[in-house]
Amino acid sequence: MFTLSGGHVFPLYDGAVKADPPLRLVDVRHEQTAVFAAEATARLTRTPGLAVVTAGPGVTNSVSAVTGAWFNGAPLVVLGGRAPDYLWGKGALQELDHVPLLAPVTKRAWTEHTVAGVAGSVDEAFRLALTPHRGPVFLDFPLEAIYGEEAVDLPPDADRMPAAAPPDGDDVAAIAALLGAARRPVLVLGSDVWLGGAETAALGCAEALRLPVITNGQGRGVLPRGHSLLVTRARSVALAEADLVIVVGVPLDFRLRYGSFGPPDAPAKVVHVADSAGGIATHCPLAASASGDLAAFFTTLADACGQRPVGDMEWLARLRGTARAAVAADTPLLETEASPIHPMRVYGELLRELDDDAVVIGDGGDFVSFAGRVIEPAFPGHWLDPGPYGCLGTGLGYALAARLAHPSSQVALMLGDGAAGLSLMDADTLVRHNLPVVMIVGNNSAWGLEKEPMRAVYGYDVAADLRPGTRYDEVVRALGGAGEQVTAPGEIAPALRRAFASGVPYLINVITDVAAAYPRTTTGV
């Protein structure tokens, strides 16, 4: 239970500490961190995350984080306090109807007014969060309901978890027929492949059909780094020249050209597959679609294709060559001795220090974009970023969750200096709960994601600069952790080794080159 203490929700704490076994309480310094941590728990463990927030500002402070979970399809339950019904309308402390605020960004938001209904409503909240398409659920309780006492029976099916239905066989057959006719197919795997437990089936299908694969979000790692079918680094060529693109477990949004692929004079056929019918794109023409259990989809598709390779093997060879060339082209920057430090040199050193089971978290703009370019996890479920909503400030909450979910793994949190300002106070939470995390700040004294685009549009920039050389490492030290500042390329590796060996929350403050902007081809607008 991730929370920030509030009197409206004391009974939930009482229930947690008196449970057998007790439910672990992790109290944070800002409610958004509690919800980010619960969301990350859901995304890392594929079980519902739980956040508890007090009435009024406790709930409103959580809204951006709930919205991020909504965009990420994370099974999250947020339980809130609420002013008492018997005083409603008289101006009680923190009296606010939360439900209309949360309704647009949750699967359901409601108030349980009766003591007898609390247990059943909580059960329903968890069940809704887990039902595909997964997502956040909000439930609050007036003071008298949550403080009241009544004996009730739990729902009879409380231990039964919801599951997606298999996709329609005719839909899968239609997709198999498209694959049989394609010469240049591409398979795109998104976060729901991992969240839906379909990673093994997806890998098996890709290998059986010899499909080139691009991974997105938490689809990263479904094909481990170095896999012969993984062509994410050839993404631009693949999506621009494909004749068939099958997108599974991710919306056809700005990250995927809104579903527009292939050459302009011969657009690619597009197939969209989601875990529920409501997730199928309606804004672009589709050659076929399917919805339902994603593991069943991949297994059925491979069988429908006869477990044989599809497409032109020269196409796959070309994409593999393009991907290898892109990786090789990064080497000079990964090893550069440039001063100020180029962000890519940070990742060149980090890649040498990371274990295969490390969890890498990104919270930032330009600095984290470089991470997304070069860090490819060895396993699924070991990469976290804010997702398509793009809300910064996720970092410390995500790090809390990662350390709890993977207690023996390295946890590396990559922070832009702008993003660090939105959550760094929760380093105090890491310290208080003895949760060692290595934080690496790319400190270029700017909002880099805005600075260069504004210059491109107007020829100058405003409101994009931060104080040069801010000692974020000293902030963490003041909060009880450890840290150091790095200003030269040769200092990065020793600092990383000290940080991972320290056993405490440790921040490396790397002064990077503000002129080393990430080379973007799109802004998502």
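Coordinates for the structure precede this section.
Thresholds, definitions, all that
Residues numbered from 1 in each chain as written. Predicted model: local features only at pLDDT ≥ 70, side-chain atom pairs only at ≥ 80, totals over all residues. Heavy atoms only, no water. Helix = DSSP H or I, 4+ residues; strand = E, 2+ residues; numbered from the N terminus. Rg over C-alpha atoms; globule rule 2.2 N^0.38 Å. Buried < 20%, exposed > 50% of the residue type's maximum accessible area, 1.4 Å probe, protein only. Contact = heavy atoms within 4.5 Å. Pairing = 2+ DSSP bridges. Axes fitted to C-alpha atoms, helices over the stretch in contact; angles between N-to-C directions. Parallel < 35°, antiparallel > 145°, perpendicular 65-115°, else oblique. Left-handed = near helix turned anticlockwise from the far one by under 90°. Nonpolar A, V, L, I, M, F, W, Y, C, P; charged D, E, K, R; others polar. Core = buried A, V, L, I, M, F, W, Y, C linked by side-chain atoms within 4.5 Å. Phe/Tyr/Trp six-rings, centres within 6.5 Å; stacked < 30°, edge-to-face > 60°. Patch = residues over 30% accessible without salt bridge, like charges linked within 9 Å, V, L, I, M, F, W, Y side chains within 5 Å. Areas by Shrake-Rupley, 256 points an atom, 1.4 Å probe, with all protein chains shown as cover. Salt bridge = Lys/Arg side-chain N within 4 Å of Asp/Glu carboxyl O.

> Please explain the overall build of the chain as it appears in this structure.
When helices and strands are counted, the chain shows 21 helices and 17 strands. What you see for the chain is a C-alpha radius of gyration of 24 Å, in line with the 24 Å of a compact globule of 525 residues. Across its three principal axes, the chain shows a C-alpha extent of roughly 70 × 60 × 45 Å. Within the chain, buried positions represent 55% of all 525 residues. Contacts in the chain between residues at least 24 apart in sequence constitute 74% of all its contacts with a sequence separation of at least 6.

> Which parts of the structure should I look at to understand the sheet that holds strand β1 (residues 2-3)?
Spatially, the six strands line up as an open sheet ordered β2-β1-β3-β4-β6-β5, and their pairing is parallel. Two strands bound the open sheet, and with one partner strand each, they are β2 (26-27) and β5 (108-111). Across the face of the sheet, helix α2 (residues 31-45) comes into contact with β1, β3 (49-53) and β4 (76-82) while running at roughly 165 degrees to β3. Seen against the sheet, helix α6 (residues 118-130) touches β3, β4, β5 and β6 (136-142) and runs at an angle of roughly 165 degrees to β6.

> What exactly am I supposed to notice about the packing of helix α8 (residues 169-181) against helix α12 (residues 294-304) here?
Relative orientation and spacing of two packed helices are given, respectively, by the angle between their axes and the distance between those axes. Put simply, α8 and α12 touch, their axes get as near as 9 Å, and they point 50 degrees apart. The angle between α8 and α12 places the two elements in the oblique class. Between α8 and α12 lies a crossing of right-handed hand. Contact residues: α8 offers V172, I175, A176 and L179, while α12 offers F297, T300, L301 and A304. Of the residues in the contact of α8 with α12, the class split is seven nonpolar, one polar and no charged.

> Is there a simple way to explain the nonpolar core in this structure?
One broad trend across soluble globular proteins is that nonpolar side chains are buried collectively. V78, I361, L413, L415, L424 and M439 are the most contacted members of the largest nonpolar core, which has 50 residues in total. The greatest single-element share of this core, amounting to eight residues, is contributed by α2. Setting aside its immediate chain neighbours within four residues, L413 contacts I361, D363, G395, L396, A399, V437, V438, M439 and I440. Counting 37 residues, the second largest nonpolar core, distinct from the first, contains L179, A182, L229 and C305.

> Would you take a moment to explain the pairing of strand β14 (residues 411-416) for this structure?
Along any regular strand, the residues point their side chains to alternate faces of the sheet. Taking burial as the measure, the six residues of β14 include six buried ones, the bulk of the element. Burial of β14 is two-sided: the residues V411, L413 and L415 facing one way and the residues A412, M414 and G416 facing the other way are all buried. In terms of strand pairing, strand β12 (residues 359-363) meets β14 through five bridges, oriented parallel. Residue pairing across strands places V359 opposite V411, the latter belonging to β14.

> Can you walk me through the packing of aromatic side chains in this structure?
What characterises a pair of aromatic rings is the spacing of the ring centres plus the angle enclosed by the ring planes. Tallied over the full model, the rule gives seven aromatic pairs. Aromatic pair F71 and Y389: ring centres 5.0 Å apart, planes at 20 degrees, arrangement stacked. Of the two residues, F71 is situated in helix α4 (residues 63-72) and Y389 in the loop between β13 (383-384) and α16 (395-405); the sequence distance between them amounts to 318 residues. A relative accessible area of 36% means that Y389 is categorised as partly exposed. A centroid spacing of 5.3 Å and a plane angle of 65 degrees characterise the contact between F297 and F298, whose relative ring orientation is edge-to-face.

> Help me understand the packing of α2 against α16, please; the structure alone is not making it clear to me.
At a minimum axis distance of 7 Å, the contact between α2 and α16 shows a crossing angle of 45 degrees. The angle between the axes of α2 and α16 places the two elements in the oblique class. Crossing handedness for the pair α2 and α16: right-handed. The segment α2 lies against α16, with T33, F36, A37, E39, A40, T41, R43, L44 and T45 engaging L396, G397, Y398, L400, A401, A402 and A405. Within the contact of α2 with α16, the residues separate by chemical class into ten nonpolar, four polar and two charged.

> So what exactly am I meant to see when it comes to a nonpolar patch on the surface here?
On the surface, V457, Y458, Y460 and V462 cluster together to form a nonpolar patch covering roughly 450 Å² of accessible area. Positionally, V457 belongs in helix α19 (residues 448-458).

> Which parts of the structure should I look at to understand α16?
Since the α-helix advances by 3.6 residues per turn, residues separated by three or four positions end up pointing in the same direction. Among the eleven residues that make up α16, nine are buried, leaving the element largely enclosed by the rest of the structure. Inspection of α16 places G395, L396, G397, Y398, A399, L400, A401, A402 and R403 among the buried residues, and these make up the whole buried set.

> Is there a simple way to explain the pattern of salt bridges in this structure?
Where charged atoms from two side chains of opposite charge come close, those side chains can pair. Taken as a whole, this structure holds 27 salt bridges when the rule is applied. Measuring nitrogen to oxygen at the nearest pair gives 3.1 Å for the salt bridge that ties E337 to R345. For R345, a relative accessible area of 8% gives the class buried.

> Looking at this structure, how should I read the side chain of S423?
Mapped onto the elements of the fold, S423 is located in helix α17 (residues 417-423). In this structure, S423 is in contact with D363, G393, G395 and L396, ignoring residues within four places of it in sequence.

> Help me out: how do you make sense of unusual backbone geometry in this one?
Working note: non-glycine residues mostly have negative phi, and peptide bonds are mostly trans. Each neighbour pair has its own omega, and for D20 with P21 the value is 0 degrees, a cis peptide bond. A cis geometry characterises the amide bond from P132 onward to H133, with omega recorded as -5 degrees. Although it is not a glycine, R210 sits at a positive phi angle of roughly 55 degrees. Positionally, R210 belongs in the loop between α10 (199-209) and β8 (213-215).

> Looking at this model, I keep getting lost on the side chain of H342. Mind explaining?
Looking at where H342 falls in the secondary structure, it is placed in the loop between α13 (313-334) and α14 (343-353). Discounting residues that sit within four places of it in the chain, H342 has contacts with L333, T336, F370 and A516.

> What am I meant to see in α14 here?
Of all eleven residues in α14, nine are buried; the element is thus mostly enclosed. Taken residue by residue, α14 has P343, M344, R345, V346, Y347, G348, E349, L350 and E353 as its buried positions. The secondary structure elements touched by the buried residues of α14 are α13, α15 (366-374), β14, β15 (438-443), α21 (492-502) and β17 (506-511).

> Explain the environment of L430 to me, please; I cannot follow it from the model alone.
With respect to the helices, strands and loops of the structure, L430 is situated in helix α18 (residues 427-432). For L430, a relative accessible area of 0% corresponds to the buried category. Between the C-alpha atom of L430 and that of L396, which follows or precedes it by 34 residues, the distance is 8.3 Å.

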